[in-house]
Amino acid sequence: MSSLTTPSLSPAARLRGLKPDWLADPKVWRTEVLAGLVVALALIPEAISFSVIAGVDPALGLFASFTMAVTIAVVGGRRAMISAATGAVALVIAPLNREHGLGHLVAAVILAGLFQVVLGALGVAKLMRFIPRSVMVGFVNSLAVLIFMAQVPEMRDVPWAVYPLIAGGLALMVLFPRITTAVPAPLVSIVILTAITVGAAIAVPTVGDKGALPSALPAPGLPDVPFTLDTLTTIAPYAFAMALVGLMESLMTAKLVDDITDTPSNKTRESVGQGIANIVTGFFGGMGGCAMIGQTMINVKVSGARTRLSTFLAGAFLMVLCVAFGPIVSDIPMAALVAVMVMVSFATFDWHSVAPGTLRRMPAGEIAVMVITVVCVVATHNLAIGVVVGSVTAMVVFARRVARFADVTSVTGPDGATVVHRVTGELFFASSNDLVGRFDYANDPDHVVIDLSAAHIWDASSVAALDAIGAKYARRGKTVEITGLNDPSARLHGRLTGELAAEH
């Protein structure tokens, strides 16, 4: 008799199995390193721009991008996702900096990180399951619109040479992958356009025009604020708003990357990780941040990165480029980075969702939710507001749709002494309120049976409605018998019946 056995692995083989992908496979390593470099180049003008929005020195935005990316690469729950200084966070904390100064802003970043750690530990990530697909599609499309709109100012009132440079950058990113994918096309585009503008001395806006790059690494320290209750009450509202906005953008981005890469992520770890990254960033004097959707798309969708190495290197390369190669980086034309972000915008937009064939097949409510999400995000420039409004709209649409499925059919017994009302559908606040008016209280016989075997009771409103029906019959001297309750409905009905106001 023979048997099949699994050969035991040698210690060396087991050690190789523990290596991360980027270390075990040189091709993956190359992809991750080059992706990190492309993202770092794209982060510089974005971080500087967000610093301007927040009203702080550009160095603080760059420091935040460095510490956020490096920290989240270690503690985050979604591989290859980029976290850095973002516009959403800048908008939230700008009033605090304007009214109370930089010290309060930094303290708010640290407190926001603590809020995120607590919210993550409490399981806030589980709320992601309540965001419907139509909202997610609206989120993605509005993101693409915002990325494109952010590039428009870079194409206004600029030298004519900017336009052919942008066109050339787009052409390079479309055509170069047909030659090879070994080097990310955005990196090739940035290098070639920089060489052209510097070599030909073409006067166009550059990264250096956005602001001075830092010449040294950030140093840790405590925020320059009095540690009093008054300070806490001042920064707490801003910190909590920043925590919520940062978590929502980060979790939505993580879900998007899950779909693109067809791999899962740990949303709870990501929530806590965002908090830890903001705490670290605050102690290094940064302006705070969250997941950066545009740069994440560059990393994952355009450059093909899939591991934590690209995230770590994006932050590391950012500081190296600023500190060691500041003069060279300052010469990169903004046109090259605009071309990269325009390409990201087109790649991010879900074109299938607006195809005529798709729109003809989609329910009107789903289309309305997607459009409302996009409009809210574009109008407010806040992805979190759009997601909340879109989700609430989706819930209303769903409630109205489900409420229509509740129906009552009536059959009178042969002797005329009993009537059976068969209720079908889902009974909750939207459907049960109409249920009371579906019975003929005056003309029904003395014995009324309400058969709920094809229905389900979801909430107290439904129990109150059934009590109201029973009370209306009782006032006319008629008895009501409720039958067919499934176990969950029976438990809820048994616990609440008679305890709620039954008069309608």
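Residues numbered from 1 in each chain as written. Predicted model: local features only at pLDDT ≥ 70, side-chain atom pairs only at ≥ 80, totals over all residues. Heavy atoms only, no water.

(A) The arrangement of the pairing of strand 6 (residues 479–483) in detail. When strand 5 (residues 447–457) meets strand 6, the two strands line up parallel, connected through five bridges. Paired with Val 449 across the two strands is Glu 481, which belongs to strand 6. Taking the sense of rotation as the criterion, the β-α-β connection linking strand 5, helix 20 (residues 460–474) and strand 6 turns out right-handed. (Pairing = 2+ DSSP bridges. Helix = DSSP H or I, 4+ residues; strand = E, 2+ residues; numbered from the N terminus. Right-handed = clockwise from strand over helix to strand, strands pointing away.)

(B) Region of interest: unusual backbone geometry. The phi angle at Asp 157 is positive, at roughly 50°, despite the residue not being glycine. One can find Asp 157 in the loop between helix 7 (133–151) and helix 8 (162–179). Here Asp 157 falls in the exposed class, since its relative accessible area comes to 83%. In this structure, Ala 201 is a non-glycine residue whose phi angle is positive, near 55°. Locating Ala 201 in the fold gives a position in the loop between helix 9 (185–199) and helix 10 (229–261). Owing to a relative accessible area of 65%, Ala 201 belongs among the exposed residues under this scheme. (Buried < 20%, exposed > 50% of the residue type's maximum accessible area, 1.4 Å probe, protein only.)

(C) Summary view of the packing of aromatic side chains. The full count for this structure, using the stated rule, is eight aromatic pairs. Relative to Phe 346, the ring of Phe 148 lies with its centre 6.4 Å away and its plane at 90°, an arrangement referred to as edge-to-face. Remark: Phe 346 occurs in helix 15 (residues 334–348) and Phe 148 occurs in helix 7; sequence separation between them is 198 residues. When its relative accessible area of 32% is taken as the criterion, Phe 148 is described as partly exposed. The exposure class assigned to Phe 346 is partly exposed, which follows from its relative accessible area of 45%. When the centroid spacing of 4.8 Å and the interplanar angle of 55° are considered together, the rings of Tyr 441 and Tyr 473 count as tilted. With Tyr 441 in the loop between helix 19 (429–435) and strand 5 and Tyr 473 in helix 20, this pair connects stretches of sequence that are 32 residues apart. Of the aromatic side chains, those joined through ring pairs into one cluster are Phe 148, Phe 346, Phe 349 and Trp 351. The ring of Tyr 441 has Lys 472 sitting right over it, with the charged end atom 5.8 Å from the ring centre. (Phe/Tyr/Trp six-rings, centres within 6.5 Å; stacked < 30°, edge-to-face > 60°. Lys NZ or Arg CZ within 6 Å of the ring centre and 35° of its normal.)

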